[in-house]
Amino acid sequence: MKKTSLHAVVQLNASSKEWVVFVHGAGGSTATWKYQIETFKSFYNILLVDLRDHGKSKNIEPEIEKYNFDLISKDLKDLLDEHKIKKAHFITLSFGSVIMQDLSIKHPKLVASAIFAGGIFKANNLIKSFVQLARIFNLFLPYKWMYSIFSYLLMPYRTHQTSRKIYQKQAQKLTPTEYMKWVGLYGEFFKLLDRFYCQEINFPALALMGKEDYIFLNSAKSFAKNHPSVIYKEIMEAGHICNIDQAEIFNELALDFTRQHQYKETVDFPTLHTHKIKAG
């Protein structure tokens, strides 16, 4: 069945006028946020997005042969317009953080606040090596093997087992053709990271990282250090997909952050339990 817009899951809250929009990473889907829905729907209207080719966002018309960030950001902006969302808190994961960077550059008034979970920022040597390795493997390995191998490279520890399995299951829903279109985005990838890193961040942002996210951790620290509006926090015993590895702690930190940056009158919030974390 052909579609003209992205698939999304919507949960409305009659007590709130604020929105939280969830944007997954490459190979993910709305299922990425299964442990966040119950927490956030109690306080906000929520929109969970399936990016083009992911989850149930299949056969989007018109069909595009070559992807770029203009297209991906337009998909997202069109979906927000469809739901009459003029401003929102954005919670993003991994490659979704890069899409958020592009969206915020193009449409800054949309962003009430942004949370970059497992965020990808300035490309240091480790990140460049990781991307280059993926490109090399892509020449001779089937893409499903690629996702399996890189899920272990990104999430190597036993504490990452649940997030690794969810990631692998979601990623296998991409077809080889769809996968190659998303690989094509890496032509713009580093330029976009550099542009966002060098500009002033004029909205409140939280880089929320798993302590065991060894590939992307240092660049997130550097990004927060160089931007006063960006807060950096680490979650212990969590890897790249920290919203699954330590969902309860992630939810409390993320909800606390959005509470601090309300953009309309909303409901009162209960007191949350405190967990031991390491904050940068």
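Just so you know, these numbers come straight off a predicted model, no measurement behind them. (Residues numbered from 1 in each chain as written. Predicted model: local features only at pLDDT ≥ 70, side-chain atom pairs only at ≥ 80, totals over all residues. Heavy atoms only, no water.)

Describing unusual backbone geometry
Where the residue is not glycine, phi is negative for most of them; where a peptide bond is considered, it is trans in most cases.
Right, so step 1: In this structure, the amide linkage connecting Glu61 to the following residue, Pro62, adopts the cis form with an omega of -5°.
Right, so step 2: Structurally, Pro62 can be placed in the loop between strand S3 (45-49) and helix H2 (69-82).
Right, so step 3: If you check the backbone angles, Lys84 has positive phi at about 55° while not being a glycine.
Right, so step 4: Structurally, the position occupied by Lys84 is in the loop between H2 and strand S4 (88-93).
Right, so step 5: Unlike most non-glycine residues, Glu237 shows phi in positive territory, near 55°.
Right, so step 6: As for its position among the elements, Glu237 is in the loop between strand S7 (230-235) and helix H10 (242-245). (Helix = DSSP H or I, 4+ residues; strand = E, 2+ residues; numbered from the N terminus.)

So, the environment of Ala171
Right, so step 1: With respect to the secondary-structure elements, Ala171 resides in helix H6 (residues 161-171).
Right, so step 2: For Ala171, a relative accessible area of 0% corresponds to the buried category.
Right, so step 3: In sequence terms Ala171 and Tyr147 are 24 residues apart; their C-alpha atoms lie 6.9 Å from each other. (Buried < 20%, exposed > 50% of the residue type's maximum accessible area, 1.4 Å probe, protein only.)

As for the side chain of Gln170
Right, so step 1: Inspection of the secondary structure puts Gln170 in helix H6.
Right, so step 2: Given a relative accessible area of 8%, Gln170 falls into the buried group.
Right, so step 3: A polar side-chain atom of Gln170 sits 2.8 Å from the main-chain amide nitrogen of Ser29.
Right, so step 4: Those residues within four positions of Gln170 in sequence are excluded, and the remaining contacts are Gly27, Gly28, Ser29, Ala31 and Thr32. (Polar contact = N/O pair within 3.5 Å; in protein donor to acceptor, adjacent residues only side chain to side chain. Contact = heavy atoms within 4.5 Å.)

Concerning the packing of aromatic side chains
Geometry of an aromatic ring pair is reported as the spacing of the ring centres plus the angle between the planes.
Right, so step 1: According to the stated counting rule, one finds 15 aromatic pairs in the structure shown.
Right, so step 2: On the numbers, 6.3 Å between centres and 25° between planes, the contact of Phe40 with Tyr44 is stacked. Each member of the pair, Phe40 as well as Tyr44, is classed as buried.
Right, so step 3: Members of the aromatic cluster, connected to one another through ring pairs, are Tyr67, Phe69, Phe95, Trp182, Tyr186, Phe189 and Phe190. (Phe/Tyr/Trp six-rings, centres within 6.5 Å; stacked < 30°, edge-to-face > 60°.)

A few points about the confidence of the model for the protein chain
Detailed reading of the predicted coordinates is not advisable wherever pLDDT is low.
Right, so step 1: Taken residue by residue, the protein chain gives an average pLDDT of 87. The fraction at 70 or more is 88%.
Right, so step 2: Long-range and interchain partners of residues 265-280, a stretch whose pLDDT sits below 50, account for 35 contacts in this model, where long-range means more than four residues apart. (pLDDT = per-residue confidence, 0-100.)

Some words on the pattern of salt bridges
Right, so step 1: Using the criterion set out here, one finds eleven salt bridges in the structure.
Right, so step 2: The shortest N-O distance in the salt bridge between Asp70 and Lys106 comes to 3.0 Å. Of the two residues, Asp70 sits in helix H2 while Lys106 sits in helix H3 (residues 95-106), which places them 36 residues apart along the sequence.
Right, so step 3: Across the pair Lys77 and Asp81 runs a salt bridge whose closest N-O atoms are separated by 2.9 Å. Here Asp81 and Lys77 lie together in helix H2, a separation of four residues that amounts to about one turn.
Right, so step 4: One salt-bridge network, in which partners are shared between bridges, spans Asp70, Asp102 and Lys106. (Salt bridge = Lys/Arg side-chain N within 4 Å of Asp/Glu carboxyl O.)

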